[in-house]
Amino acid sequence: MTEKFVIGIDSSTQSTKAIVWNEKGQPVSEGRAPISMKMPQPGHAEQDPHEWWDSFKIALRQAVQEIDPKRVEGLSISNQRETVAFLDQDGTSLHDAMVWLDQRAQLEVEELSRILGARKIHQITGKPVDTAPVLYRLKWLSNNKPEVLEKTHRILDVQGYLVFRLTGTAKTSWTSADPFGTFDIQKKVWSSTLLDQVGVRSDQFPEALCPGEEIGKISEKCASEFNLPMNLKIFAGGGDGQC
């Protein structure tokens, strides 16, 4: 009987890990590659989104070296949460991604708490007001670098970015959308009440789907690059913390 595999990816703060699993749920092989961090100013923590992809490719290639990649039947991604990338219409990064460690938006936490009310923000998102959720960094960009938001076509979490690179379509899971602090956790949609206050639209964000749901199929280009099956299914994963 021909053995089949699935691949789990963890794109975390410091590295990407890729693990191949067999049908018995046993790890077969793995790959790892680092991701660097930039701290251009005190309290600022940033990464180049293209490095997420480069690290992903290295880890994935290492992981499939010991198997026949054509026997892989699915792939799913877990990711560092509350980290956000800003892409133009061509998928080029307009500003280094702001990492969950970033503390620049302390004034914006106070500003949005005053405008919307901390309790209302908590009710919509399930998140107490804090610098970690992306909501406040979006407000920081609106206040300090509005030209970046004006040119931004896609606002993506790490999973959403990697799925976009793999499939050509920006999609993510509820559990990756949730830590952004812009997601209505009861309605499972991006909250226009919050987005209106930071000058962005819901269609700039990836479509958010239930974890475990099929989120897309790998592009012909990527399938060829990694010697994976054409139309390999990608499944919605989750934030690394929830996983």
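Our subject in this report is the structure included herewith. For every chain, the first residue of the written sequence is number 1, and numbering continues from 1 onward in sequence order. Residues qualify for local features only when their pLDDT is at least 70, as the model is predicted, and side-chain atom pairs are given and counted only at 80 or more; totals for whole chains, interfaces and linings, by contrast, use all residues. Note that the side-chain values use all heavy atoms of the structure and ignore hydrogens as well as water.

1. Things to note about the overall build of the protein chain
Spelled out, the test is: Secondary structure counts use DSSP, requiring at least four H or I residues in a row for a helix and at least two E residues in a row for a strand, with both numbered from the N terminus. The globule rule is 2.2 Å times the number of residues to the power 0.38, and the radius of gyration it is compared with is taken over C-alpha atoms. Between buried and exposed lies partly exposed: a residue is buried under 20% and exposed over 50% of the maximum accessible area for its type, with that area taken using a 1.4 Å probe on protein chains only. The criterion used for residue contact is that any of the two residues' heavy atoms lie within 4.5 Å. Working convention for charge: Lys and Arg count positive, Asp and Glu count negative, and His plus the chain ends are omitted. Lysine's charge is taken at NZ, arginine's at CZ, aspartate's at CG and glutamate's at CD.
Counting secondary structure elements, the protein chain contains nine helices and 14 strands. At 18 Å, the protein chain has a C-alpha radius of gyration in line with the 18 Å of a compact globule built from 243 residues. Taken along the three principal axes of its C-alpha coordinates, the protein chain extends 65 × 35 × 30 Å. By the burial criterion, 53% of the 243 residues in the protein chain qualify as buried. For the protein chain, the proportion of contacts with a sequence separation of at least 24, taken over those separated by at least 6, is 66%. Where the 28 positive side-chain charges of the protein chain centre and where its 33 negative ones centre are 2 Å apart.

2. Concerning the packing of helix 2 (residues 106-116) against helix 4 (residues 134-144)
Rules: Structural elements are reduced to axes, namely lines fitted to C-alpha atoms, with helices fitted over the stretch in contact, and the angle between N-to-C directions of any two is expressed from 0 to 180 degrees. These descriptions rest on fixed angle ranges, namely under 35 degrees for roughly parallel, over 145 for roughly antiparallel, 65 to 115 for roughly perpendicular, and the rest for oblique.
At a minimum axis distance of 9 Å, the contact between helix 2 and helix 4 shows a crossing angle of 100°. The angle between helix 2 and helix 4 places the two elements in the roughly perpendicular class. Within the contact between the two elements, helix 2 uses E108, V109, E111 and L112 and helix 4 uses L135, Y136, K139, W140, N143 and N144.

3. Focus: the pattern of salt bridges
Heads up, the rule is: Salt bridges, as used here, are contacts in which a Lys or Arg side-chain nitrogen is within 4 Å of a carboxyl oxygen on Asp or Glu.
Using the criterion set out here, one finds 16 salt bridges in the structure. A salt bridge links D68 to R71; the nearest nitrogen and oxygen atoms lie 3.8 Å apart. A relative accessible area of 35% means that D68 is categorised as partly exposed. Because the salt bridges share partners, they merge into one network encompassing E46, D102 and R104.

4. Thoughts on the packing of aromatic side chains
The following threshold applies: Only Phe, Tyr and Trp rings are paired, with Trp represented by its six-membered ring, and only when their centres lie within 6.5 Å; those with planes under 30 degrees apart are stacked, over 60 edge-to-face, the remainder tilted. Definition used: whenever NZ (Lys) or CZ (Arg) falls within 6 Å of the ring centre and also within 35 degrees of the ring normal, the charge is taken to sit over that ring.
Here the structure, examined in full by the defined rule, presents eight aromatic pairs. Judged by centre distance (5.2 Å) and plane angle (10°), the ring pair of W53 and F56 falls under stacked. Highlighted residues: W53 and F56, both in helix 1 (residues 49-63), separated by three residues, approximately one helical turn. Judged by relative accessible area, which is 5%, W53 ranks as buried. Ring centres 6.3 Å apart and planes at 70° place the aromatic pair F180 and F205 in the edge-to-face group. Of the two residues, F180 is situated in the loop between helix 7 (174-177) and strand 10 (183-184) and F205 in the loop between helix 8 (192-198) and strand 12 (207-209); the sequence distance between them amounts to 25 residues. Assessed through its relative accessible area of 6%, F205 is described here as buried. By way of ring pairs, the aromatic residues F180, F183, W190 and F205 are connected into one cluster. It is R104 that lies over the ring of W140; its NZ or CZ is 4.7 Å from the centre. Across from the ring centre of W174, 5.2 Å away, lies the NZ or CZ of K188, which sits over that ring.

5. A word on the side chain of K57
Note on placement: K57 falls in helix 1. According to the relative accessible area criterion, K57 is buried, its value standing at 18%. For K57, the contacting residues outside a window of four places in its chain are E225 and F226.

6. A closer look at the sheet that holds strand 6 (residues 84-87)
The strands making up a sheet associate through backbone hydrogen bonding, with each pair oriented either parallel or antiparallel. Applied cut-off: Note: two strands are recorded as paired if DSSP finds a minimum of 2 bridges between them.
The antiparallel open sheet is built from four strands, whose spatial order is 4-7-6-8. The open sheet has two free edges, formed respectively by strand 4 (46-47) and strand 8 (154-156), since each of these has just one partner strand. Bridging between strand 6 and strand 7 (residues 93-98) involves three bridges; their strand directions are antiparallel. By the bridge assignment for strand 7, L87 is matched with S93.

7. Focus: the nonpolar core
Proteins that are soluble and globular tend to have nonpolar side chains buried together. This is how the line gets drawn: Side-chain atoms within 4.5 Å are what join buried Ala, Val, Leu, Ile, Met, Phe, Trp, Tyr and Cys residues into a set we call a nonpolar core.
In terms of nonpolar packing, the biggest core is built from 38 residues, with F56, L75 and L166 touching the most fellow members. Residues within four places of L166 in sequence aside, it is in contact with W53, F56, L75, I77, K217, I218, S219, C222 and I234. L138, V148, V198 and A208 belong to the second-largest nonpolar core, a separate cluster that totals 28 residues.

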